[in-house]
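The lines below spell out each chain.
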Amino acid sequence: MMEKDEMLEIEAKRREWEEKCYKDWLKKTKAKDEGFESLSGIELKAIYDPSDVAHTDFLRDIGYPGEFPFTRGVYPNMYRGRLWTMRMFSGFGTAEDTNKRWKMLLREGETGLSTAFDFPTLMGLDSDDPLADGEVGKVGVAVDTLKDFEILFDGIPLDKISTSFTINPPAGIILAMYTAIADMQGVPREEIRGTIQNDMLKEFHAQNTLVLPPEPSVKIIVDIFEWGVENVPKFNLISISGYHIREAGSTAVQELAFTIADGMAYVEAAIERGIDIDKLAPQLSFFFNSHNDFFEEVAKFRAARRMWAKIMRDIYGAKNPRSWWMKFHVQTAGCSLTAQQPLNNIIRTTIQALAAVLGGCQSLHTNSFDEAWALPSEEAVRVALRTQQIIAYESGVTSVVDPLGGSWYVEWLTNKMEELAWKYIEQIKKMGGGSMLRGVLKGIENGFFVKEISNAAAKYQREVEEGKRFIVGVNKFTIEEELKIPILKVDPEVQRRQIERLRKIKAERDNSSVKEALDWIKSAAENNENIMPAVFEAVKNYATVGEIIGTLKKVHGTYRKPIIV
Amino acid sequence: MNVDEIVNGIFSKNRRALARAITYVENELPGSKEILKAIHSRTGRAHVIGLTGFPGVGKSTIMSKLTEEFRKRGKMVGIVAVDPGSPFTGGALLGDRLRMEGFDANKQLWVDPGVFFRSMSSRGRAGGLAAKTGDVVKILDAYGFDIIFVETVGAGQGEVDIVKVADTVVVILMPEVGDDIQLSKAGILEIADIFVVNKADLEGVEKTVRWLRSMVMMSEEVVQTLSTLTHADEARVLSGEIFKVSNHWVPPIHTTIADRGVGISELADSIEKHYEYQRKSGGLLKRRSSRAKIELEEIILGEIKNLIKKKFNYTEILKEIVENKKDPYTVAEEIISKLCYER
Amino acid sequence: MEEKKIRVVLAKVGLDGHDRGVKVLARFLRDAGFEVIYTGLHRTPQEVARAAVDEDADVVGISLHSGAHMTLVPKTIQYIKEYGGKPEEMLILVGGIIPNDDIPKLKELGVDEIFIPGTPISTIIEYIRENLKKKKGSINER
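Rules behind the numbers
Note that residues are indexed from 1 along each chain, following the sequence as it is written. To label them, take the chains in the order written and letter them from A, then take the ligands in the order written and number them from 1. Reporting in this predicted model follows two pLDDT cut-offs: at least 70 for local features of residues, and 80 or more for side-chain atom pairs to be given and counted; totals over whole chains, interfaces and linings ignore these cut-offs and use all residues. For helices the rule is a DSSP run of H or I covering at least 4 residues; for strands it is a run of E covering at least 2, with both sets numbered from the N terminus onward. Our radius of gyration is a C-alpha quantity, and the globule rule it is checked against amounts to 2.2 Å times the number of residues to the power 0.38. Residues with at least 20 neighbouring C-beta atoms inside 10 Å of their own are called buried, those with 12 or fewer are called exposed, and the rest are partly exposed, where every C-beta is derived from the backbone. Here, residue contact means that the backbone-derived C-beta atoms of the two residues sit within 7 Å. Here the nonpolar group is Ala, Val, Leu, Ile, Met, Phe, Trp, Tyr, Cys and Pro; Asp, Glu, Lys and Arg are the charged ones; every other residue, Gly included, is treated as polar. In this document the domain limits rely on a domain assignment from an automatic tool or a database. Strand pairing requires that DSSP identify at least two bridges connecting the strands. Every axis corresponds to a line fitted to the C-alpha atoms, with the helix fit spanning only the stretch in contact, and the corresponding angles, defined between N-to-C directions, vary from 0 to 180 degrees. If an angle is under 35 degrees, it is roughly parallel; if it is over 145, roughly antiparallel; if it lies from 65 to 115, roughly perpendicular; otherwise it is oblique. Take the far helix as the reference: if the near one is turned anticlockwise from it by less than a right angle, the crossing is left-handed, and if turned clockwise, right-handed.

K.L.:
I'd love a proper account of the overall build of chain A, names of residues and values included.
P.N.:
The helix and strand tally for chain A stands at 21 helices and nine strands. Here the C-alpha radius of gyration of chain A, 24 Å, is about what a compact globule of 565 residues would show, namely 24 Å. Once the C-alpha set of chain A is aligned to its principal axes, its extents read approximately 85 × 60 × 45 Å. For chain A, the residues scored as buried account for 52% of the 565 residues in total. Considering only residue pairs separated by 6 or more positions, chain A has 77% of its internal contacts joining residues 24 or more positions apart.

Here you go:
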């Protein structure tokens, strides 16, 4: 990057500066020189200069956007061409309630939909399941059958809008439902765009939507890959997620490492099945958290992109440059929101959103300030969306691609994140005897991931308790306050109405076709065949989410997770 | 709840009384001795089964599967699981091994009124059990559980206290866990009435079984027994089928895949057979007598210690010993003679 | 005589899988000298109630972020009674995302205190130590 003599000169000057200028100043001002570290615990120096990135080769490691290794972005012109998709995670109550909220968001300038499901749907339970009691429509929309999807997408043209679905064990069912809606609307399947989360590995590490055991879970994900590349080629078939790992208390490094490890595991599983990697790769997407440490987050995003490009090209041998892209969605950190002085959350979210944008995200969700209390109210959602719009239209940060690139600190930190993440990946690979897929499964079995994350969460909490880390409004600058924030309440009648609808559908549908389709799912699962054609058939005949997942549970068993505190 | 209410509650199968009695005994609250005195006549009816083994071998899974199995056989099952507790803070995380996560996990165990599950902290004690585990077992026994499982801490080292409470000791291993020396040193091989090699779908299971078999065969008693057997009997011995070939019980070796329930009912059969054998052979009486002896001596020692603390100035006495003014033997003789002959 | 250890049953009730808070709390309570029984994820009210009674819990801490608290918390209390326990002698605590309006309602239903996200754990520990001994008729009353 630089002539050797020049570098030596800089290093010498730096030493001189440290000894004379810096240390004198510290002495004079009695300032401390230790205890500065990133949110992930990476030790930080007072200043970075070219000597900190002496081994970084500009063309090899940083380069230009739209080209390998994509450190600076996947598109050559990034936001000059098209802004990121402003995608607000939303859903509650019945399909009607959510359809109404979606239409409001689209009117307000949102450019993509993102579906929050309620817990019973997420867990593959019907609304009338005893375990669903009290949870129907609470944290998202309740979906039992295709009927709910028909209402949900009423008046929303699937050829114009892309939709993201945060759903995991029932991901295949939801993709089938969405495809069925496209068929009904007369939109060609090749045209529909969107994302299913469909990432079970991180559920075992962190998010805990536990239904089937790990191995059949991965098998079904690969089924969805296989079906998806043929049927819905513009649809992201997975959103490999670090978001939840971070929410569960991991560091940024762990988030980066475990997400990429999971991604490698999925790619290996797909290759084992015989899926063409270059065909699948464009349909893989990622999902990260953006937390409070601004520079660390930017570095994480840049490192992630560079690592994935190397992995896809050099480890898995993808030929098409398009396959080397890491496209990712970002959500600001839910766990950083405080119940105390809730308006402060707007500021936190702004900083986090800015990091996501400067890190080159493809889509972004900004949290609402009232979410430590309840589902967001309309006003709070609007402010959150406006936060993105102000960054996009007023701040000017979109005019230049990767504006932080070349900052010695940011480049050093990007390298550091990558280096630490590779260490984890090597460790996982070793657990798997050279296979990332086996390594990740092993790490789930022996509690490796859960332990790593729990330890990080406890360490962070200890630092907060001991006053080593500050959270404004919580352990610093606290006030006595009476909280008056308007809170969205879900109509308590939702559960009853949803169960009524479910009963009606069960009475009216062709139950013999349902049974036939469910039997087909069962035999496909038993014979290790792709279940997706059978799932699509079941969905079309208004089989319920609970019936389909229930059939799979009968074949594969349910997962029991050892408790690791 | 006072002591009378607790005792009567235990006899009339009141669950809260049972739970509270355990709290009394575990914490040595005033009245705990009275509870233990009152229930003693009703103890000795349950079959107490100890489960021990290295961490990660699947003790808890086997226990929950065995519980399901014994429930099917109409037995009431009480469970005591001992978890490590810190000797420094006194705190502990308990019961997290048996209680698996996931909404279909252990449904039966969770709400079945015929199952009672209680976790105990070892409170820093070595040996695999808490100081009061034996007393807790008595309370469960008096309440009327047919089967009582006691699961040790599972640290894998020197957890031999289980023989002091269990009628049948099940030692659980898995393929390739630890090496032979580690296992031998842990001291758990000698205490086994039944061996289980769990996770039998893993590689190396034959090797572990073969090694265990050689260990069993080497024990003196077994060598004696086997000298009277023909080759054809050997298989029956290993399966636990033969146990009345002589006066000796030959620990059978079971293989299980507990999370799929494989081998569990055979293991339960074997556990029942061992109990039968112990009862008929007089082994049960022998074991319980030696247990009563240990317990009685512990109680006596405890009482004496309390008396000494009450009657003598310990600090002063100890000082004399440390300063070499007196030797501890003489001091002990003096104390005993004062306790015995002076009032 | 040993000191009576404080036994805490911590539970995730319902379907939500957010266990970061409850697990960190479990560790801190242990380190503060409590005996903690963490029941794991996805428990039903019956299951938590059974554990609370059998383990003779002094404190029952229910964590949920699912918005289902108005259904699941009262049910848990009701089942504790049904299984022979005395919820009025226990400290019943709820942690999680609980809207303001619901707090007085939960207290009326027998919940002693609600802890929202961001509550320092030292506050919870202090609360337990202070309030347990005020429980009328309980083994912990001082």
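K.L.:
Lay out the interface of chain A and chain C in plain terms, naming residues and giving numbers.
P.N.:
With 34 residues of chain A at the interface, the matching set in chain C holds 29 residues. Sorting the residues of the side of chain A that touches chain C by element identifies α4 (119-122) and α17 (448-465) of chain A as the ones contributing at least two each. A total of five residues in the side of chain A that touches chain C trace back to one element, the largest contributor, which is α17 of chain A. The class makeup of the residues in the side of chain A that touches chain C is 19 nonpolar, ten polar and five charged.

K.L.:
Residue-level account of the domain arrangement of chain A, with values.
P.N.:
Residue and element names in this part refer to chain A. Per the domain assignment, the segments making up chain A are domain 1 (4-58) and domain 2 (82-465). Relative to domain 2, the C-alpha centre of domain 1 lies at a distance of 36 Å. Taken together, the contact between domain 1 and domain 2 spans eleven residues of the former and 13 residues of the latter. When grouped by side-chain class, the residues that make up the side of domain 1 that touches domain 2 number five nonpolar, four polar and two charged.

K.L.:
I'd like to hear about the sheet that holds strand β1 (residues 85-90) of chain A, residue by residue, with values.
P.N.:
Residues and elements named next belong to chain A. Strands sit in the order β5-β4-β3-β2-β1-β9-β8-β7-β6 across an open sheet of nine strands; the sheet is parallel. Pairing within the sheet leaves two strands with one partner each, and these edge strands are β5 (235-236) and β6 (238-241). One ladder, built from three bridges, connects strand β8 (residues 328-332) with strand β9 (residues 363-365); its direction is parallel. Paired with histidine 329 across the bridge in β9 is serine 363. Along the sheet, helix α10 (residues 252-273) makes contact with β6 and β7 (284-290), crossing β6 at roughly 145 degrees. Those strands touched by helix α14 (residues 378-393) are β1 and β9, and its axis lies near 160 degrees from that of β1.

K.L.:
Give me the lowdown on the interface of chain B and chain C, citing residues and values where you can.
P.N.:
Opposite the 30 residues of chain B that make contact, chain C presents 30 residues. The set of elements that each furnish at least two residues to the side of chain B that touches chain C consists of α2 (15-27), β3 (92-94), α5 (107-111) and β4 (115-121) of chain B. With seven residues, α2 of chain B is the largest single contributor of residues to the side of chain B that touches chain C. The residue makeup of the side of chain B that touches chain C, split by class, is twelve nonpolar, ten polar and eight charged.

K.L.:
Describe the packing of helix α1 (residues 3-11) of chain B against α2 of chain B, with residues and values.
P.N.:
Residue and element names in this part refer to chain B. With their axes 8 Å apart at the nearest point, α1 and α2 run at an angle of 125 degrees to one another. By the angle between their axes, α1 is oblique relative to α2. Where α1 crosses over α2, the handedness of that crossing is left-handed. Residues Glu5, Ile6, Gly9 and Ile10 of α1 touch α2, and the partners they reach there are Arg16, Ala17, Leu18, Arg20, Ala21 and Tyr24. Taken together, the residues that form the contact of α1 with α2 break down as six nonpolar, one polar and three charged.

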